[in-house]
Each structure stands twice: as structure tokens, then as C-alpha cells.
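Per-entry structural report
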Amino acid sequence: MVKPILKWAGGKRQLLDELYSRFPESYSHYHEPFFGGGALFFDIEPDNGTINDTNTRLINFYKQARDHPDELINLLQSFDDPESDPDSNRRFSDTNRKGKEIKNYYYQQRELFNNRPHGDEYDELEEAALLLYLNRTCYNGLYRENSSGGFNVPIGRYSNPDWVREDEIRKASRVLEDTDIRNTGFEYITEVAEEGDLVYFDPPYKPMSSTAYFTDYSAEGFGKEDQEHLRDVAQELNENGVNVILSNSGVMYEIYDEAGFHVEVEGATRSINSDGDNRDEVDEIIATNITPEERQRAGQQGLADF
Ligand SMILES: C[S@@+](CC[C@H](N)C(=O)[O-])C[C@H]1O[C@@H](n2cnc3c(N)ncnc32)[C@H](O)[C@@H]1O
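Residues numbered from 1 in each chain as written. Predicted model: local features only at pLDDT ≥ 70, side-chain atom pairs only at ≥ 80, totals over all residues. Heavy atoms only, no water.

Applying the stated criterion across every chain yields a total of 22 aromatic pairs. Taking 5.2 Å as the distance between ring centres and 70° as the angle between the ring planes, the aromatic pair formed by Tyr-133 and Trp-163 counts as edge-to-face. A residue pair is termed long-range when its members are at least 10 positions apart, and Tyr-133 in helix α6 (residues 124-137) and Trp-163 in the loop between α6 and α7 (166-176) qualify at 30 residues. Residue classification places Tyr-133 among the buried positions, given a relative accessible area of 0%. An angle of 80° between the planes, with centres 5.7 Å apart, marks the rings of Tyr-256 and Phe-261 as edge-to-face. For the pair Tyr-256 and Phe-261, a shared accessibility class is recorded, and that class is buried. (Phe/Tyr/Trp six-rings, centres within 6.5 Å; stacked < 30°, edge-to-face > 60°. Helix = DSSP H or I, 4+ residues; strand = E, 2+ residues; numbered from the N terminus. Buried < 20%, exposed > 50% of the residue type's maximum accessible area, 1.4 Å probe, protein only.)

What follows is the structure, given as C-alpha cells:
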């Protein structure tokens, strides 16, 4: 059981028990097409399979962690405390893109990340190190992009920020060793998932109100059509004998119920009416094509312990 390296919006650590209790008795390969922080993947530590996310920088990070853990750790160790003075020997040290003076090392790192040099200057390892550094030192520790794709989170307040994460990087590198890491839309899964495999979908949730922040994962949102397409993909996998588990917003209850999945409501604030009219207000659902009879004993054991 490995902890995720990055803190990511929508991380599923609190839902792990609920997800495990739907697992089939056995499965072949494990796939996670909306990877983010990969809380379930790192907890399972699968031997093989695929992970995927549309966020290019996130995927670059996992590839670097898998393929170059020592170099990544060394580079992170060379970074300074976020509140220290900017490094006068480095590019972008005086002002940011808007011409504002950069006052400390954190904003210098953020600027470097956002200016993302391309071509010969582009350095995948540095890009990965900057992502982890910012994730560990920014406010609330969450990755967020503005509409033009810039990372715009201000500096956080940490008495002793730890951005090197040597242990976690080494463990992740080991777990990812035989994993196929992809950077594309979730649909790739129909090409790779085979009968008997297990797929966990954790898409960006559909906004439950106009002020909800579910589309903040990246500059691109995940709208109604994407959600319907995902349902179609889940159905196709089901027809091919693939085990599917999906977490989603409560507002998606009906479309999975109607598609024949087993759907249950999860989340701390259950406000579903007994007649089911008020489903929009519930937090989360878990939908799966794995029947209660096919589920592994681990879930029942958990219940006995309880
Ligand atoms: C809810 S988060 C996943 C959180 C993850 N389960 C965890 O534990 O941290 C959803 C992820 O889907 C990614 N994403 C958005 N649209 C996508 C698409 N069309 N295909 C694949 N990934 C997508 C986002 O970049 C984000 O990282």
C-alpha cells in the first residue's frame, strides 16, 4: 500500500473501502483512465495494466518518477525553501509574465513552470520536479489552472514543507515499473481492456450547481456529452466482459441505473429522498457491473470486522 505522491483535486482516499467492497474475486489487468493522484492505484499496487490522464504535465511527472527516480530526487533536493529569495542566477528571476516583481523563490518556480520552455530548452525532468515542488508548497496543495492553462495557486503556509518525497518517489517508481502510462482521452480503454480486466473510472464530476468547482482540474472541462460518452464506453466494456467500477457525482445516478449498472449512493452528506426525487443533492455514487455475488470476500470480511 503506497500513498499517492501528489495531492490532487477529487482524490479518492476516503472512498477506498467502498471501492474495494465492489471488487471482483479476481481480475487480470488493472486500468485507471482518469488517473489524477491515483489514490486507488497506489493503494492496490497492481503489477501491470494502464494509467491515463489528459493532463500532459501530470503524465510527464509519473513517467519521470517511474524512469528517473534518482535524478528527480536530486533535482528536488537542489530546490530552495519557498519563502527564500529568488535565485538570481536563474531565468525569470525578476518579474513575472505580467511584469510584476517576483518576491520569493516560490513565485520564481511558478513562473518557470508557467513559462514552460519548448524545443531544445524543454526539460521533462525539471517540469516534473516543478510540478511536485508546487504541489507541495502551494496553498492547499492543489493543482489548478486558469482558463489559459497557467498554474495560478498562491504560496501556501507550511512550517516545514517537504517537497522532496524521496520514499514516495522510489515506491511509485517501483509500482509503476510495468505500467503502461498514457496521455490521451479515456476512450483508449476500449482498445486495451480485455475480458476479466478491472477498470476504475473516476471522471471530473458534473457540476451540481453553477458555482461548483468540479471543472477546475484543467483548462478543459468535462461536460454532459463527455459524461454520456463515458457511460457508452462503460457499457461497451460491460458487453466485453470487463469489470467496471465508476465513481461519479450524485446527479449521474439515473444514467447508470438505466444502463443496468448497480448504483449506490455514497458520501457524507446523504440527502437522498426515500422516493429518490432528490438525487441531485447527494454527493457521490458508485456504479458497477460487478454483481454482489461476484464481489470478493474482502468486502464481507470488512463488514465482519466492523
Ligand atoms: C476526479 S480526478 C481523478 C482523481 C483520482 N482518482 C485520485 O485519486 O486522485 C479526474 C481526472 O481526470 C482527468 N481528465 C479530464 N478529462 C479527461 C478525459 N477526457 N480523459 C481522461 N482523463 C481526463 C483530469 O485531468 C483529472 O486528473
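It is worth spelling out the nonpolar core at this point. In a soluble, globular protein the nonpolar side chains are often hidden away together inside. If you look at the biggest cluster of nonpolar residues, it comprises 52 residues, and the most contacted ones within it are Phe-61, Tyr-62, Leu-72 and Leu-76. At the level of secondary structure, the elements contributing two or more residues to this core comprise α1 (16-20), α2 (39-44), α3 (56-67), α4 (69-77), α5 (105-115), α6, α7 and β4 (198-201). At eight residues, the largest contribution of residues to this core is made by α6. In contact with Leu-72, other than residues within four places in its own chain, are Phe-61, Gln-64, Ala-65, Leu-125, Ala-128, Ala-129 and Ile-169. Counting 27 residues, the second-largest nonpolar core is a separate cluster that includes Phe-222, Val-233, Val-242 and Phe-261. (Core = buried A, V, L, I, M, F, W, Y, C linked by side-chain atoms within 4.5 Å. Contact = heavy atoms within 4.5 Å.)

The next thing to look at is the pattern of salt bridges. Side chains that differ in sign of charge can pair as their charged atoms come close. Tallied over the entire structure, the rule returns 13 salt bridges. Across the pair Glu-18 and Arg-22 runs a salt bridge, and its minimum N-O distance is 3.1 Å. A relative accessible area of 3% means that Arg-22 is categorised as buried. For Glu-228, the salt bridge is made with Lys-224, and the minimal N-O distance between the two is 3.0 Å. Of this pair, Glu-228 and Lys-224 both sit in helix α9 (residues 224-239), four residues apart, which is roughly one turn of the helix. Judged by relative accessible area, Glu-228 falls into the partly exposed class, the value being 30%. Through salt bridges with shared partners, a single network forms among Glu-18, Arg-22, Glu-264 and Glu-266. (Salt bridge = Lys/Arg side-chain N within 4 Å of Asp/Glu carboxyl O.)

Once that is clear, we can look at the environment of Asp-80. Structurally, Asp-80 can be placed in the loop between α4 and α5. Overall, Asp-80 belongs to the partly exposed group, its relative accessible area being 36%. With 25 residues separating them in the primary sequence, Asp-80 and Tyr-105 have C-alpha atoms 7.1 Å apart. In contact with Asp-80, not counting residues within four places along its chain, are Tyr-105, Tyr-133 and Trp-163.

All right, on to the site of the ligand then. Near the ligand there are 23 residues, and of these Trp-8, Gly-37, Asp-53, Phe-186 and Asp-202 occur at the shortest range. Ala-39 has a polar backbone atom sitting 3.2 Å from an oxygen atom of the ligand. Taking Asp-202, its side chain carries an N or O atom lying 2.6 Å from a nitrogen atom of the ligand. In isolation the ligand offers 610 Å² of accessible surface; the protein chains occlude 95% of this area. In the shell around the ligand, the residues fall into 11 nonpolar, nine polar and three charged. (Near = heavy atom within 4 Å. Polar contact = N/O pair within 3.5 Å; in protein donor to acceptor, adjacent residues only side chain to side chain. Areas by Shrake-Rupley, 256 points an atom, 1.4 Å probe, with all protein chains shown as cover. Nonpolar A, V, L, I, M, F, W, Y, C, P; charged D, E, K, R; others polar.)

Position of Arg-110 relative to the elements: it lies in helix α5. No salt bridge is formed by the buried Arg-110; the nearest opposite charge belongs to Glu-111, separated by 5.4 Å. Among all residues touching Arg-110, those that are not within four sequence positions of it are Leu-134, Phe-151, Asn-152, Val-153 and Pro-154. (Lys, Arg positive; Asp, Glu negative; His and termini not counted.)

Before going further, it helps to spend a moment on the sheet that holds strand β6 (residues 262-266). Read from one edge of the open sheet, seven strands run β3-β2-β1-β4-β5-β7-β6, paired in mixed fashion. Where the open sheet ends on each side, the last strands, each with one partner, are β3 (179-182) and β6. The sheet shows a mean angle of 15° between the axes of neighbouring strands, taken without regard to direction. Where strand β5 (residues 243-249) meets strand β7 (residues 284-288), five bridges bridge the pair, whose relative direction is antiparallel. When the sheet's bridge partners are listed, Ser-247 is paired in β7 with Ile-286. Sheet contacts for α3: β2 (49-52) and β3; angle to β3, the most-contacted strand, approximately 150°. (Pairing = 2+ DSSP bridges. Axes fitted to C-alpha atoms, helices over the stretch in contact; angles between N-to-C directions.)

Take a positive patch on the surface next. On the surface, Arg-97, Lys-98, Lys-100 and Lys-103 cluster together into a positively charged patch. Examined against the element boundaries, Arg-97 turns out to sit in the loop between α4 and α5. Its relative accessible area of 54% is what places Arg-97 among the exposed residues. (Patch = residues over 30% accessible without salt bridge, like charges linked within 9 Å, V, L, I, M, F, W, Y side chains within 5 Å. Charge placed at Lys NZ, Arg CZ, Asp CG, Glu CD.)

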